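Below are the chains, spelled out letter by letter.
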Amino acid sequence: MAEQTPRAGKGNGCPLFKQCGGCQLQNLTYPEQLQYKQVKCIRLLSRFGHVDEIVGMARPLHYRNKVQAAFGVRNGKIISGVYQSKSHRIVNVDDCRLEDETADAIIVTIRALLPRFRLTPYNEDTGRGFLRHVLVRRGFKTGEVMVVLVTPDSLFPKKDAFLHELLRRHPEITTVIQSVNGAKTSLVLGKRELVLFGKGYIEDVLCGCRFRLSPRSFYQINPVQTEVLYGKALAFAALTGSETVLDAYCGIGTIGLCAAKHAKQVIGVELNADAVRDAKQNAKLNGAANARFFCADAGRFMTEAAKAGDRIDVLFMDPPRAGSDLPFLKSAAALAPKRIVYISCNPETLARDLGFLCKNGYQVKRMQPVDMFPHTGHVEVVVSLSRQ
Ligand code: SAH
């Protein structure tokens, strides 16, 4: 049993529960959390059919493979961690129950090293100081570790000595990148990136495929449950090898490339140019000569494809929390794939979009919730739809 303090949360015993607010379901045990998410899915989705039982995590701790820490000063001491929910106050974190333990240890080391090299956290009010944020990503299967130091400009006093010490203490780090972000923005990473050590990206393995990740491209944050999620999505797609598959909102091409082995051809579309570049690279990395990726708004891309009379047999769609827009959904119905596999991180917008698809020629066959984000209120659902 994890240590308990008077303020600790029930779900994972975190003493920062009340200050942080990141784990919205901390007042529930893990089985109660799963029950809560199941009930939420049933409430929102049961009008479309039966909702299968949510797949939880066997060990719902330290699952986040991407950790971001803001840096600041309080009472003369350097602190680093997460912003308190709905505020700009930093909660000092040493070891978060959700975050990768190696990543947290690296961030604590960086915090300790700063004074030694006379480097200071950036102060948003005065615009002075060096370090704004640190982002760490770890490949769950490969163990490769990326460290991104976010600074207001490209200056890095005592860079070589700092890097030398960081790498000595954490030989597991495979690449270090400096991201320059001088803007007054809530976005963590800037557009300019300087590779200070290693390749500038890391690789990870999912469902037997290898993926390259850049600092700014989207990658699922819970690798254990992502394999469960993609496994369900691929099973729902029931590919035989003869299909043309569209992977919409494809990120770095993960779903499409996992599907490519079982399909005739795969087309991916994604708005983020960095992610598309990674997706193309990932196709090569996996020898998937039958996969192509395009940088475009998914709604526009689909509208063009529908106008051109293109043929799609299976559509995977994995939109952000806002769900899909009407041009996308209309074109999806016009393209009329045999099957649609909708992967959703927001059951509210999922219900709205399913409503449209069910009025326009589709029937829901299966709905499978997966717990990708234990201790938080979020729930992911994979839905299989068939053309009537
Ligand atoms: N399928 C991927 C990524 C899902 S996240 C995976 O499983 O890893 C959603 C993705 O949609 C993000 O990569 C985001 O950049 C992309 N996106 C957001 N709005 C978009 C739009 N209008 N058109 C295309 N892609 C979009």
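Note that the structure is predicted; figures quoted are calculated from it, not measured.

**Points about unusual backbone geometry**
The backbone phi angle of K158 is positive, close to 55 degrees, even though this residue is not glycine. Topologically, K158 is positioned in the loop between β5 (145-151) and α4 (159-169). Positive phi is not limited to glycine here, since A336 has a value of about 50 degrees. Along the chain, A336 falls in the loop between α9 (326-335) and β14 (339-344).

**Comments concerning the sheet that holds strand β6 (residues 173-180)**
Strands sit in the order β3-β2-β1-β4-β5-β6-β7 across an open sheet of 7 strands; the sheet is mixed. Strands with a single pairing partner mark the edges of an open sheet, and in this sheet they are β3 (90-92) and β7 (192-197). Adjacent strand axes in the sheet meet at a mean angle of 35 degrees when their direction is disregarded. Relative to β3, strand β2 (residues 77-83) runs antiparallel, the two sharing 3 bridges. In the sheet register, Y83 faces β3, and the bridge partner there is I90. Lying on the sheet, helix α3 (residues 101-116) is in contact with β1 (66-74), β2, β3, β4 (133-138), β5 and β6; it crosses β1 at an angle near 25 degrees.

**Quick notes on the layout of surface pockets**
Approximately 360 Å³ is the volume found for the second largest pocket. Element by element, the count of residues in the lining of the second largest pocket is highest for β1, at 4 residues. Within the lining of the second largest pocket, the residues separate by chemical class into 7 nonpolar, 6 polar and 6 charged.

**Details of helix α2 (residues 30-45)**
End to end, α2 covers 22 Å across 16 residues, agreeing with the expected 22 Å (1.5 Å per residue, within 8%). Within α2, the full set of buried residues consists of Y30, Q33, L34, K37, Q38, K40, C41, L44 and L45. The arc that holds the buried residues of α2, viewed along the axis, is 160 degrees, so those residues lie on one side. The outward face of α2, more than 90 degrees from its buried face, is lined by the exposed residues P31, Q35 and R43. Check the buried side of α2 and you find it contacts α10 (347-359), β15 (362-370) and β16 (380-387).

**Concerning the nonpolar core**
In terms of nonpolar packing, the biggest core is built from 88 residues, with L45, F316 and F328 touching the most fellow members. Each of domain 1 (17-60 + 222-387) and domain 2 (66-206) contributes no fewer than three residues to this core. If we ignore the near neighbours within four places in the chain, the residues touching F328 are A248, Y249, A298, G299, M302, L315 and M317. With 26 residues, the next largest nonpolar core counts A69, I78, F130 and V176 among its residues.

**Some remarks on the packing of α9 against α10**
With their axes 10 Å apart at the nearest point, α9 and α10 run at an angle of 35 degrees to one another. Where α9 crosses over α10, the two elements pack in a sense that is right-handed. In this structure, α9 contributes L326, L329 and K330 to the contact, and α10 contributes D353, F356 and L357. Of the residues assigned to the contact of α9 with α10, the class counts are 4 nonpolar, no polar and 2 charged.

**Description of the domain arrangement of the protein chain**
Here the protein chain is described as being made up of domain 1 (17-60 + 222-387) and domain 2 (66-206). Computed over C-alpha atoms only, the centres of domain 1 and domain 2 are separated by 31 Å. On the side of domain 2, 11 residues touch domain 1, which itself brings 15 residues to the contact. When domain 1 packs against domain 2, close to 980 Å² is buried across both sides, 68% of that on carbon and sulfur atoms. In terms of surface lost to domain 2, no three residues of domain 1 exceed Q19, C20 and E227, which account for 40% of the buried area on that side. Inspection of the region where domain 1 meets domain 2 yields 1 salt bridge.

**A closer look at the packing of helix α8 (residues 298-308) against α9**
Two elements in contact, α8 and α9, have axes separated by 8 Å at closest approach and are oriented at 30 degrees. On the basis of their axis angle, the class for α8 and α9 is roughly parallel. Crossing handedness for the pair α8 and α9: left-handed. On α9, the residues that touch A298, G299, M302, T303, A305 and A306 of α8 are P327, F328, S331, A332, A334 and L335. Here the residues of the contact of α8 with α9 are counted per class, giving 9 nonpolar, 3 polar and no charged.

**Focus: the packing of aromatic side chains**
In the structure shown here, the tally under the stated rule is 5 aromatic pairs. Ring centres of F156 and F162 lie 5.7 Å apart, and the angle between their planes is 55 degrees; on these two criteria the pair is classed as tilted. A relative accessible area of 9% means that F156 is categorised as buried. For F162, a relative accessible area of 1% gives the class buried. On the basis of an interplanar angle of 35 degrees and a centroid distance of 5.5 Å, the ring pair of F294 and F301 is categorised as tilted. We classify F294 as partly exposed; its relative accessible area is 31%. An aromatic cluster is built from F117, F130, F156 and F162, whose rings are joined through pairwise contacts. Just above the ring of Y201 sits the side chain of R212; from NZ or CZ to the centre is 4.1 Å.

**Focus: the pairing of β6**
Along β6, 7 of the 8 residues are buried, which leaves the element largely enclosed by surrounding structure. Relative to β6, β5 is paired through 7 bridges, and the arrangement is parallel. If you follow V148 over to β6, its bridge partner there is I177. For the segment spanning β5, α4 and β6, crossover handedness is right-handed. Bridge analysis of β6 against β7 gives 5 bridges, and the strand direction is antiparallel. Looking across to β7, one finds that I177 is bridged to V195.

Rules used throughout
Residues numbered from 1 in each chain as written. Predicted model: local features only at pLDDT ≥ 70, side-chain atom pairs only at ≥ 80, totals over all residues. Heavy atoms only, no water. Helix = DSSP H or I, 4+ residues; strand = E, 2+ residues; numbered from the N terminus. Pairing = 2+ DSSP bridges. Axes fitted to C-alpha atoms, helices over the stretch in contact; angles between N-to-C directions. Contact = heavy atoms within 4.5 Å. 1 Å grid on protein atoms, 1.4 Å probe; cavity = no way out; pocket = protein on both sides within 12 Å on 5 of 7 lines; lining within 4 Å. Points joined across faces, edges and corners; volume = space filled by probe spheres on them. Nonpolar A, V, L, I, M, F, W, Y, C, P; charged D, E, K, R; others polar. Expected span 1.5 Å × (residues − 1). Buried < 20%, exposed > 50% of the residue type's maximum accessible area, 1.4 Å probe, protein only. Arc of directions from axis to C-beta. Core = buried A, V, L, I, M, F, W, Y, C linked by side-chain atoms within 4.5 Å. Domains from an automatic or database assignment. Left-handed = near helix turned anticlockwise from the far one by under 90°. Buried area = accessible area lost by both parts, 1.4 Å probe. Salt bridge = Lys/Arg side-chain N within 4 Å of Asp/Glu carboxyl O. Parallel < 35°, antiparallel > 145°, perpendicular 65-115°, else oblique. Phe/Tyr/Trp six-rings, centres within 6.5 Å; stacked < 30°, edge-to-face > 60°. Lys NZ or Arg CZ within 6 Å of the ring centre and 35° of its normal. Right-handed = clockwise from strand over helix to strand, strands pointing away.

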